[in-house]
Protein chains: 2
Amino acid sequence: MAEIAALAGVSKPTVSKVMNGQPGVAATTRERVERVIAERGYVRHGAARALSAGRSGSVNLVVKEVDNPYHAEIIRGVEETLERAGLSMVLTATHDEERRHRRWMARVLEHGTDGAILVLPDEHFTHLAELHNRGIPVALVDDRGEIPVGVASVGATNFAGGFAATEHLLSLGHRRIAIIGGPSFKSTRERVAGYRTALQEAGVAVDPRLHQAGGFVAETGYEAAKNLLRLDEPPTAIFAGNDLQAMGVYRALYEAGLRTPDDVSVIGFDDLPLSRLLTPALTTVRQPVREMGALATRMLLQTIAGEKLESSRVELATSLVVRESSGPPKI
Amino acid sequence: MAEIAALAGVSKPTVSKVMNGQPGVAATTRERVERVIAERGYVRHGAARALSAGRSGSVNLVVKEVDNPYHAEIIRGVEETLERAGLSMVLTATHDEERRHRRWMARVLEHGTDGAILVLPDEHFTHLAELHNRGIPVALVDDRGEIPVGVASVGATNFAGGFAATEHLLSLGHRRIAIIGGPSFKSTRERVAGYRTALQEAGVAVDPRLHQAGGFVAETGYEAAKNLLRLDEPPTAIFAGNDLQAMGVYRALYEAGLRTPDDVSVIGFDDLPLSRLLTPALTTVRQPVREMGALATRMLLQTIAGEKLESSRVELATSLVVRESSGPPKI
DNA sequence: TTCTGTTTGGAAACCGGTTTTTAGAAGGCT
DNA sequence: AGCCTTCTAAAAACCGGTTTCCAAACAGAA
């Protein structure tokens, strides 16, 4: 910058003002400086800017795993929003490992990023309070429910989603409806509650044998479905905990020689982009995942800007997307 | 840091040495300083470090879209490798938009990151040369073939993959084998060349009507398969350009009431994690995508460290993964 | 012509570390 | 005892910008 200043016959502060579009520089001078900048292809040194300006211009996004279509959607929502705001996204995967948690914590703490967005903070995540205490802006997506006061968080209306899916199956005539849960997140519990409530309102008894549990992965869906098919009175419909589980259910049904939805209806949760590509296309409860990421980002940016949030907790609406995998039960 | 120094009764440089584990500090002093650091929970200011040390400790990864399972695998490979090296990953999606290209270029140029990894640089990418000229370390994954001398790049043995897939289908007895190409990348051309070579070696005539083209998305596979099924003499096997296209082929076959592999065999390319979850599980040509990302990262780190690369271009081996979607043709 | 108010632009301080240089103390040697 | 090393740690310079503060120049008004 000193070089540019010398070439343009001005001082460093003047060049700085020109680059930042600040007032206090005569039009002719500004033009001259700009020409020199363009000629030399000068770009500022980011670290120096970050140091004196006090902000890094980037935000840290922490997910459990990057190669997971659910997280990919969130990543996309966050990236787009940050890009629009002129910020960069630092992405970290934790894989539930303590070491990786510490690494990104260190990164955030040393002001490597201006704030952090956490997706589904897991067991190891005991650090949230510390971030908050140090005054570092944080926002959460699809949290597990234990949020320190004042931390922004975005979720979905899981109860309504579970209710709607179950109601849909009931209206098709199903009475033996199984559900596959997920990890013991608040969101999972709400979905199951929605399922139970819908059954009860329809006067259908809740059969605990029809409730399987496990992780949010395809294997869980596969194993759970196999268990369910072994029951004396197997279900005519399976409500998977998410779309990935539903793929596992598809596989179990395929191996058992059963057809969807003729023999068994399947419903997923999330509405990942791939769910409409499956054969048959998956009926699922849509969560606006990308929008959730975008919203959490906007809330974080507000926090960073020092603005007060209208509400620190926001839940976006889920909606049932009926495709090919749900139909009336075989007599 | 000045505060820590005062509390420990030493000077800033001493604290700096302690934090960086440098010699020249007496054991007792070091211990005292470390205790104060721990007590106060002190963390260095990243920007200040980056400024004086001259490196940001992060690398920029540029992909076209983050919500794409192929890219997700690369992202994962890159992230893991960087994490192990103690660096952060800044992720940027371009969506082929000129504006986004400029943004990340600016970021890299202003030393916001120590280097960049580009995945499948697309049309808009005319900036590679500039980066190279400015001496900024760059590595490429799955490039299109036009690489400036000296830039590290990682690819896969696409010709061999195309050849192996076709040979597999031929050995099952197929003679009407269709292929769906992708964008006009070097990789695509090589795969098609492998396909043609395999056919010719087997003495099977290459029928241009059996060659469809389009993007690396499911819709392309869907449309292409519909076109192929309308032919007077439709194919008994379809070799999709990638796994996503294969999903589109599945859908077209499903809608046409055809069964896989009984009526039509399908082969994909990539071996994404989800390809084994499909029903039927997809036979595909495996590309070690994650490893390609990891390798490109390692090559970049070498470049950053100033080490000479043994070879600036590396191609990893593809391998055929036979699952359920390929079988002998119906008589 | 003199005074006041407004631009314009530069000098200096600062951001928070790292690196280099220098000074002092301790220990070893003749 | 005197001199030379070797350690240890502090002082100062530096990284490359931004921000604050102030002076000079200029314009308009009295």
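So, how was this worked out
Residues numbered from 1 in each chain as written. Chains lettered and ligands numbered in written order. Predicted model: local features only at pLDDT ≥ 70, side-chain atom pairs only at ≥ 80, totals over all residues. Heavy atoms only, no water. Helix = DSSP H or I, 4+ residues; strand = E, 2+ residues; numbered from the N terminus. Rg over C-alpha atoms; globule rule 2.2 N^0.38 Å. Buried < 20%, exposed > 50% of the residue type's maximum accessible area, 1.4 Å probe, protein only. Contact = heavy atoms within 4.5 Å. Areas by Shrake-Rupley, 256 points an atom, 1.4 Å probe, with all protein chains shown as cover. Lys, Arg positive; Asp, Glu negative; His and termini not counted. Charge placed at Lys NZ, Arg CZ, Asp CG, Glu CD. Near = heavy atom within 4 Å. Polar contact = N/O pair within 3.5 Å; in protein donor to acceptor, adjacent residues only side chain to side chain. Nonpolar A, V, L, I, M, F, W, Y, C, P; charged D, E, K, R; others polar. Least-squares fit on C-alpha atoms with pLDDT ≥ 70 in both. Pairing = 2+ DSSP bridges. Axes fitted to C-alpha atoms, helices over the stretch in contact; angles between N-to-C directions. Core = buried A, V, L, I, M, F, W, Y, C linked by side-chain atoms within 4.5 Å. Domains from an automatic or database assignment. Buried area = accessible area lost by both parts, 1.4 Å probe.

Considerations on the overall build of chain A
Alright, step 1. Broken down by element type, chain A carries 12 helices and 12 strands.
Alright, step 2. Computed over its C-alpha atoms, the radius of gyration of chain A comes to 26 Å, more than 25% above the 20 Å expected for a compact globule of 331 residues.
Alright, step 3. With respect to the principal axes defined by its C-alpha atoms, chain A has extents near 90 × 40 × 35 Å.
Alright, step 4. Counting over 331 residues, chain A shows a buried share of 56%.
Alright, step 5. Long-range contacts, defined here as pairs at least 24 residues apart, represent 69% of the contacts in chain A between residues at least 6 apart.
Alright, step 6. Summed over all atoms, the accessible surface of chain A reaches about 13700 Å², with 52% contributed by carbon and sulfur.
Alright, step 7. Chain A carries 38 positive and 40 negative side-chain charges, and their two centres are separated by 5 Å.

Notes on the side chain of Ser-153 of chain B
All names here are of chain B.
Alright, step 1. Along the chain, Ser-153 turns up in strand S5 (residues 152-156).
Alright, step 2. Given the relative accessible area of 0%, Ser-153 is considered buried.
Alright, step 3. For Ser-153, the residues in contact, after removing those within four places along its chain, are Leu-140, Asp-143, Ile-147, Met-299, Ser-312, Arg-313 and Val-314.

Brief notes about the protein's contact with DNA strand D
Alright, step 1. Taken together, 25 residues are adjacent to DNA strand D, and Met-1 and Ser-16 of chain A together with Ser-11, Ala-26 and Thr-29 of chain B come closest.
Alright, step 2. Counting only atoms of DNA strand D within 4 Å of the protein, the fraction found in sugar and phosphate groups is 62%.
Alright, step 3. The backbone of Met-1 of chain A places a nitrogen or oxygen atom 3.2 Å from a phosphate oxygen of DNA strand D.
Alright, step 4. Take Thr-14 of chain B: an N or O atom from its side chain is 3.1 Å from a phosphate oxygen of DNA strand D.
Alright, step 5. Elements supplying a minimum of two residues to the surface near DNA strand D: helix H2 (12-19) and helix H4 (46-53) of chain A together with helix H2 (12-19) and helix H4 (46-53) of chain B.
Alright, step 6. Sort the elements by how many residues they give to the surface near DNA strand D and H4 of chain A lands first, with four residues.
Alright, step 7. For the surface near DNA strand D, the class distribution of residues is 10 nonpolar, 11 polar and four charged.

So, the relation of the copies chain A and chain B
Alright, step 1. Each copy of the sequence occupies a distinct position, and chain A is placed on chain B by a rotation of 180 degrees and an axial shift of 0.0 Å, giving an RMSD of 0.1 Å. What the rotation and shift describe, once combined, is the action of a two-fold rotation axis. Minimal C-alpha distance to the rotation axis in chain A is attained by Val-90 of chain A, lying at 2.1 Å.
Alright, step 2. Of the interface residues in chain A, 100% have counterparts in chain B that sit at the interface too, so the contact is made through matching surfaces.

What about the protein's contact with DNA strand C?
Alright, step 1. Contacts to DNA strand C come from 25 residues, most closely from Ser-11 and Thr-29 of chain A together with Met-1, Lys-12 and Ser-16 of chain B.
Alright, step 2. Atoms of DNA strand C within 4 Å of the protein: sugar and phosphate make up 65%, bases the balance.
Alright, step 3. In this structure, Thr-14 of chain A approaches DNA strand C through a side-chain N or O atom, which is 3.0 Å from a phosphate oxygen.
Alright, step 4. Note that a sugar or linking oxygen of DNA strand C is positioned 2.9 Å from one of the side-chain N or O atoms of Ser-52 of chain B.
Alright, step 5. At the level of secondary structure, the elements contributing two or more residues to the surface near DNA strand C comprise H2 and H4 of chain A together with H2 and H4 of chain B.
Alright, step 6. The dominant element in the surface near DNA strand C, judged by the number of residues it contributes, is H4 of chain B, at four residues.

Re the sheet that holds strand S11 (residues 313-316) of chain B
Alright, step 1. Taken together, 12 strands build an open sheet; the order of strands is S11(A)-S5(A)-S4(A)-S3(A)-S1(A)-S2(A)-S2(B)-S1(B)-S3(B)-S4(B)-S5(B)-S11(B) and the sheet is mixed. Each having just a single partner strand, strand S11 (313-316) of chain A together with S11 of chain B make up the two edges of the open sheet. Within this sheet the neighbouring strands show an average axis-to-axis angle of 20 degrees, counted without direction.
Alright, step 2. Along the sheet face, helix H12 (residues 289-304) of chain A touches strand S1 (58-63), strand S3 (116-119), strand S4 (138-141), strand S5 (152-156) and S11 of chain A and points at about 165 degrees away from the line of S5 of chain A.

Focus: the nonpolar core
Alright, step 1. Counting residues in hydrophobic clusters, the biggest one holds 142 residues, and the most contacted among them are Leu-61, Ile-75 and Leu-91 of chain A together with Leu-61, Ile-75 and Leu-91 of chain B.
Alright, step 2. Apart from the residues within four sequence positions on either side, Leu-91 of chain A is in contact with Leu-61, Val-63, Val-66 and Ile-75 of chain A together with Ile-75, Glu-79, Met-89 and Leu-91 of chain B.

Things to note about the domain arrangement of chain A
Residue and element names in this part refer to chain A.
Alright, step 1. What the domain assignment reports for chain A is domain 1 (2-40), domain 2 (55-156 + 288-317) and domain 3 (158-287).
Alright, step 2. Interface area, domain 2 with domain 3, both sides summed: about 1200 Å², of which 57% is carbon and sulfur.
Alright, step 3. Among the residues domain 2 hides against domain 3, the three largest losses belong to Pro-69, Arg-144 and Ala-156. Together they make up 35% of the total.
Alright, step 4. At the junction of domain 2 with domain 3, the criterion picks out two residue pairs in polar contact (both at pLDDT 80 or more).
Alright, step 5. For the side of domain 2 that touches domain 3, the elements supplying multiple residues, two or more each, are helix H5 (69-84), H12 and S11.

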